[in-house]
Structures are given as structure tokens and as C-alpha cells.
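# An overview of the molecular structure
Spelled out, the chains give:
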Amino acid sequence: MDSLSYKTISANASTVEKKWYVIDATDEVLGRLASQVAKILRGKNKPSYTPHVDCGDYVVVINAEKVKLTGKKMSDKVYTRHSGYPGSQRFTTPAEYLTRKPTFLVEKAVKGMLPRTRLGAAVLKNLKVYAGAEHPHAAQQPETIKLNEIK
């Protein structure tokens, strides 16, 4: 046996280095955008990924109002919500959400790809979505990345 000793390094909250990224959602397909954003939020693109630790980065998504859906999903897909009272079930299409609340589609798609735990809720707070091209996070010096650059 060699005298080499290998140690598995596990990240924790004090050893994680968080960066800021900006992703432009203009003409990006919603599901593909959301899966890449969820990967960065969880930290799965880093070699120091640890499943039980928030080791992901902050992600700022701009131009959320210009996101695309393939096929006829913009008019045929339906989001359902219910308040719990009889007869209070409501249906809304993505096209209606884009006019009324453009950030909702990206937030909901990314949230659906994160764990349904306290860690998932904490990771979701690292996502910032804006309808236009402006965002208030310039002081953090975010790095602009394209979706095809993400490993």
C-alpha cells in the first residue's frame, strides 16, 4: 500500500466561494435556461460540489420577458392555481404571465428544478430575475456568461 493518503474534501458554509453571474434570457428556450440556472444555483458546475451545502453561485437573469417556449406552449400550456375555496381554481397561460408578471415563468421553471427542501428554498434566494436589461447588482461585479459556456 502506498504511503499516500487521499482525503475527500467536503465543502461547508465557511469554505464556499460564491460568485455572481448574469445570464441574458433573450431568445432562450425556457426549460433549457432554467436547467442551466438551477445547475449554477446548486453548485453542480463546481468541482467542490457538496449535496447538503449551499455551494452554488448567485445568478441574475435579465430580459426575462423575452424568453421563448417551443411549439404552441405559449398558448396551450396552462398554469393552475387554487386558493382552497370551492370554485376558486384559476388557469393562466404563459402568454398572459409574460404580459402581467414577466419574471414568473423563469422563477417557476427554476424553482421546479430545485429540491423541495429547506436547502432548495435557501438556494432559490440566490436567484434574481428582472424583466428588462437593467439590474441593481452592478456593485457585485457579476460575470456575464452564455448558456452554451456552462459545463
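Everything quoted here is computed from the prediction, not taken from an experiment. (Residues numbered from 1 in each chain as written. Predicted model: local features only at pLDDT ≥ 70, side-chain atom pairs only at ≥ 80, totals over all residues. Heavy atoms only, no water.)

## A few points about helix α1 (residues 30-42)
Stated precisely, the cut-off is as follows: Secondary structure elements follow DSSP: runs of H or I no shorter than four residues count as helices, runs of E no shorter than two count as strands, and numbering proceeds from the N terminus. Expected span, for any helix, means 1.5 Å times one less than how many residues it has. Three labels apply to residues, based on accessible area from a 1.4 Å probe with only protein chains included: buried if under 20% of the type maximum, exposed if over 50%, partly exposed otherwise in between. Residue contacts are defined here by distance: any two heavy atoms, one from each residue, within 4.5 Å place the two residues in contact.
With 13 residues, α1 extends 18 Å between its outermost C-alpha atoms, agreeing within 8% with the 18 Å of an ideal straight helix rising 1.5 Å per residue. Taken together, the buried positions of α1 are occupied by Leu30, Leu33, Ala34, Gln36, Val37, Ala38, Ile40, Leu41 and Arg42. For α1, the secondary structure elements touched by its buried residues are β1 (20-24), β2 (58-62), β3 (79-82), α4 (104-112), α5 (118-124) and β5 (127-129). Looking one or two residues beyond α1, the residue adopting positive phi is Gly43, at roughly 90°.

## Side note on the pairing of β3
The side chains of a regular strand alternate, residue by residue, between the two faces of the sheet. Quick note on the threshold: Paired strands, in this sense, are two strands between which DSSP finds at least two bridges.
Strand direction decides the pairing type here: β3 and strand β4 (residues 89-92), joined by four bridges, are antiparallel. Pairing of His82 across the sheet is with Gln89, part of β4. As consecutive antiparallel partners, β3 and β4 are separated by six residues, and within that stretch Gly84 has a phi angle of approximately 105°, a positive value.

## Here's the deal with a positive patch on the surface
The test is simple: What makes a patch is a set of residues exposed beyond 30% relative accessible area and free of salt bridges, joined within 9 Å when like-charged and within 5 Å when nonpolar (Val, Leu, Ile, Met, Phe, Trp, Tyr). Here the Shrake-Rupley method, with its probe set to 1.4 Å, supplies the accessible areas, and only the displayed protein chains count as covering residues. By definition, a salt bridge exists where a carboxyl oxygen of Asp or Glu is found within 4 Å of a side-chain nitrogen of Lys or Arg. Lys and Arg are tallied as positive, Asp and Glu as negative. Neither His nor the chain termini are counted. Where a charge lies is defined by one atom per residue type, namely NZ (Lys), CZ (Arg), CG (Asp) and CD (Glu).
A contiguous patch of positive charge on the surface is contributed by Lys73, Lys77, Lys108 and Lys111. Within the secondary structure, Lys111 is located in helix α4.

## Regarding the environment of Glu134
Tracing the backbone through its elements, the reader meets Glu134 in the loop between β5 and β6 (143-144). On the basis of relative accessible area, Glu134 is assigned to the exposed category, the value being 69%. The spatial distance from the C-alpha of Glu134 to the C-alpha of Arg116 is 30 Å, given a sequence separation of 18 residues.

## As for the sheet that holds β6
Strand order in the open sheet formed by four strands is β5-β2-β1-β6, and the pairing between neighbours is parallel. The two strands at the open ends of the sheet, each matched to only one other strand, are β5 and β6. Of the strand pairs in this sheet, β1 and β6 are connected by two bridges, and their pairing is parallel. By the bridge assignment for β6, Tyr21 is matched with Glu143.

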